[in-house]
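What the coordinates show
In case you want the letters, here they are:
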Amino acid sequence: MKSREGIPYTKPSISQLELEYVADAMANGWGENCYEYINQFERHFKTYIGSEFAIATSSATGALWLGYAALGISRGDEVIMADINWIATAAPLIHMGAKIVLVDIDPVSWCISPKAIELAVTEKTKAIVVTHLYGNLADMASILEIGQRYQIPVIEDAAEALGSMYQGRRAGSMGEFAAFSFHGTKTLTTGEGGMLVTNNRELFVKASTLANHGRSAQETKQFWPSVVGFKFKMSNIQAALGCAQLERIQELVDRKRQIFSSYREMLSDSAGISMNPESPGDYNSYWMPTLVFDSESKLSRNDVMAKLLAKGVQARTFFWPLSQLSFVDSEWDNPIAKLIAARGLNLPSFHDMTLSDQQMIIETATGKL
Ligand SMILES: *Cc1c(COP(=O)(O)O)cnc(C)c1O
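Residues numbered from 1 in each chain as written. Predicted model: local features only at pLDDT ≥ 70, side-chain atom pairs only at ≥ 80, totals over all residues. Heavy atoms only, no water.

1. Points about the packing of helix H1 (residues 16–28) against helix H8 (residues 236–247)
The condition is simple: Structural elements are reduced to axes, namely lines fitted to C-alpha atoms, with helices fitted over the stretch in contact, and the angle between N-to-C directions of any two is expressed from 0 to 180 degrees. Numbering of helices and strands runs from the N terminus, with a helix taken as a DSSP run of H or I at least four residues long and a strand as a DSSP run of E at least two residues long. The labels follow the angle: roughly parallel below 35 degrees, roughly antiparallel above 145, roughly perpendicular from 65 to 115, and oblique for the rest. Each helix crossing is assigned a hand: it is left-handed if the near helix lies turned anticlockwise from the far helix by less than a right angle, otherwise right-handed if that turn is clockwise. Any pair of residues with heavy atoms lying within 4.5 Å of one another is described as a contacting pair. Nonpolar residues are Ala, Val, Leu, Ile, Met, Phe, Trp, Tyr, Cys and Pro. Charged residues are Asp, Glu, Lys and Arg, and all others, Gly as well, are polar.
The contact between H1 and H8 brings their axes to 8 Å, and the two run at 155°. As the angle between them shows, H1 and H8 are arranged roughly antiparallel. The way H1 lies across H8 gives a crossing that is right-handed. Contact residues: Leu17, Glu18, Tyr21, Val22, Ala25 and Met26 in H1; Asn236, Ile237, Ala240, Leu241, Cys243, Ala244, Gln245 and Glu247 in H8. Looking at the contact of H1 with H8 residue by residue, the class counts come to 10 nonpolar, 2 polar and 2 charged.

Below is the structure:
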């Protein structure tokens, strides 16, 4: 395949190790070995996160769907989440007939606001979903306390936060369950793929059964589903890629942090730009370096994007508020979500980019080129 000109917003780092593991899975990972890499990937992943159970899936969307279903969410239930989110967090719930309750974000973390959650809780609230946006960490202490007080499970969408830590605890280790994504744009990739992690054995057993077309691990009869399930499994070949990437996870995260800190340094004399925060005691894996232009900034998001795109640099807009989508009820008005979505921009970040790529990007963005 030919590589194209320009700078993508992200792409994976594939070393000799990944090539070796995938080649081994393709040559030998069949018959009685057909789950070897899947089992290894789940085992190593849950150790890394510090969770008791893990289920490899075909995507984070699939992992969320399994977890939501295992929690028993159904028609008419309400699930609270931030208005700023990728659609994947909401889509399974919409399919299930649940109602997504969209609340405002915190102006600093850009993640769901605990105060807004508290105002949205009703008797129908079945879960709270926290998305650690762009690697940033939501205020988990306050959110877990609200969950406990109202006896509502807190779910983590940690798709963008592999490697991030909240006060020493890994993103994805704190909720009732968490979902991770290994899409080609994410910090660790399997091409497409995801993982559900949990410490709740009952939820794990239910989700495992659902993931395998409703066939329980205890069922002795062959081809005998006990419930209608899903087919959200990861292949052994994808898992081989995941195993290799996971061995390199600290190297991958270190590089994300280095890229972020170079951008921050290059922008240190540009006023009115906020970037991904890192509170004392937290550790941000900076999946997507993000700029939010304040009103005092001389730069506008749309101008900067246009300038970057003209140079072949793939900048990304901040996620849109879900409440603006045509198929979502628009009964919510979340001013901070609206403001930041209109002023935010993600910059490219990938393992093999160079310092001069970064310099060109920042000089273009700030109008020095
Ligand atoms: C990427 C992403 C997902 C979906 O991941 P898939 O593996 O593509 O299903 C879900 N939530 C967030 C926040 C994401 O960034």
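2. Details of the layout of surface pockets
Rules: Cavities and pockets were defined on a 1 Å grid built from protein atoms only: a cavity is a group of points that admits a 1.4 Å probe but offers it no way out, a pocket is an open group of points flanked by protein on both sides within 12 Å along at least five of seven lines, and a lining residue is one with an atom within 4 Å of any such point. Grid points are joined across faces, edges and corners, and a volume is the space filled by probe spheres set on the points.
Quantified by volume, the largest pocket comes out at close to 700 Å³. When residues of the lining of the largest pocket are traced back to their parent elements, those giving at least two are helix H2 (36–49), strand E1 (53–57) and helix H7 (201–211). At 5 residues, H7 tops the list of elements feeding residues into the lining of the largest pocket. Taken together, the residues of the lining of the largest pocket break down into 11 nonpolar, 6 polar and 5 charged.

3. Topic: the pairing of E1
The test is simple: Summary of the burial criterion: residues with accessible area below 20% of their type's maximum are buried, those above 50% are exposed, and those between are partly exposed, where the area comes from a 1.4 Å probe applied to protein chains only. Being paired, for any two strands, means DSSP has found at least two bridges between them.
Within E1, 5 of the 5 residues are buried, leaving the element largely enclosed by the surrounding structure. Burial of E1 is two-sided: the residues Phe53, Ile55 and Thr57 facing one way and the residues Ala54 and Ala56 facing the other way are all buried. Across 5 bridges, the pairing between E1 and strand E9 (residues 194–198) is antiparallel. What sits directly across from Ala54, in E9, is Val197.

4. Focus: the site of the ligand
Note the following rule: Near, as used in this document, describes a residue that has one of its heavy atoms within 4 Å of the molecule or strand being considered. Two N or O atoms form a polar contact when they lie within 3.5 Å of each other; inside protein one atom must be a possible hydrogen donor and the other a possible acceptor, and for residues adjacent in sequence the pair counts only when both atoms belong to side chains.
Around the ligand, the surrounding shell holds 13 residues, and the nearest of these are Thr61, Asp157, Glu160, Ser181 and Lys186. Here an oxygen atom of the ligand and a backbone polar atom of Ala60 are 2.9 Å apart. Within the contact set of the ligand, an oxygen atom lies 2.7 Å away from a side-chain nitrogen or oxygen of Ser181.

5. Focus: the state of the cysteines
To be explicit about the condition: Pairs of cysteine sulfur atoms within 2.5 Å are what we label disulfides.
Taken as a whole and assessed by the stated rule, the structure comprises 0 disulfides. Counting only cysteine sulfurs, Cys243 is the nearest neighbor of Cys34, a cysteine outside any disulfide, at a range of 14 Å. Here Cys34 falls in the partly exposed class, since its relative accessible area comes to 25%.

6. Description of the pattern of salt bridges
Note the following rule: Just to be clear on terms, a salt bridge is a Lys or Arg side-chain nitrogen sitting within 4 Å of an Asp or Glu carboxyl oxygen.
Here the structure, examined in full by the defined rule, presents 9 salt bridges. The salt bridge involving Arg149 is made with Glu145; its shortest N-O contact spans 2.7 Å. With Arg149 and Glu145 both in helix H6 (residues 140–150), this residue pair falls 4 residues apart, about one helical turn. The partner of Arg248 in a salt bridge is Glu251, with the nearest N and O atoms 3.0 Å apart. Residue class for Arg248 comes out buried when judged on its relative accessible area of 8%. On the basis of relative accessible area, Glu251 is assigned to the partly exposed category, the value being 38%. Each of the salt bridges in this network shares a partner with another, and the network as a whole consists of Glu18, Arg248 and Glu251.

7. Re the packing of helix H3 (residues 60–70) against H7
It is at 9 Å that the axes of H3 and H7 come closest, and there the two elements cross at 125°. By the criterion of interaxial angle, the relationship of H3 to H7 is oblique. Between H3 and H7 the crossing geometry is right-handed. Each of Leu66, Ala69 and Ala70 in H3 lies in contact with H7, whose residues at this interface are Leu203, Lys206, Ala207, Leu210 and Ala211.

Read these as layout, nothing more, since geometry by itself doesn't imply function.
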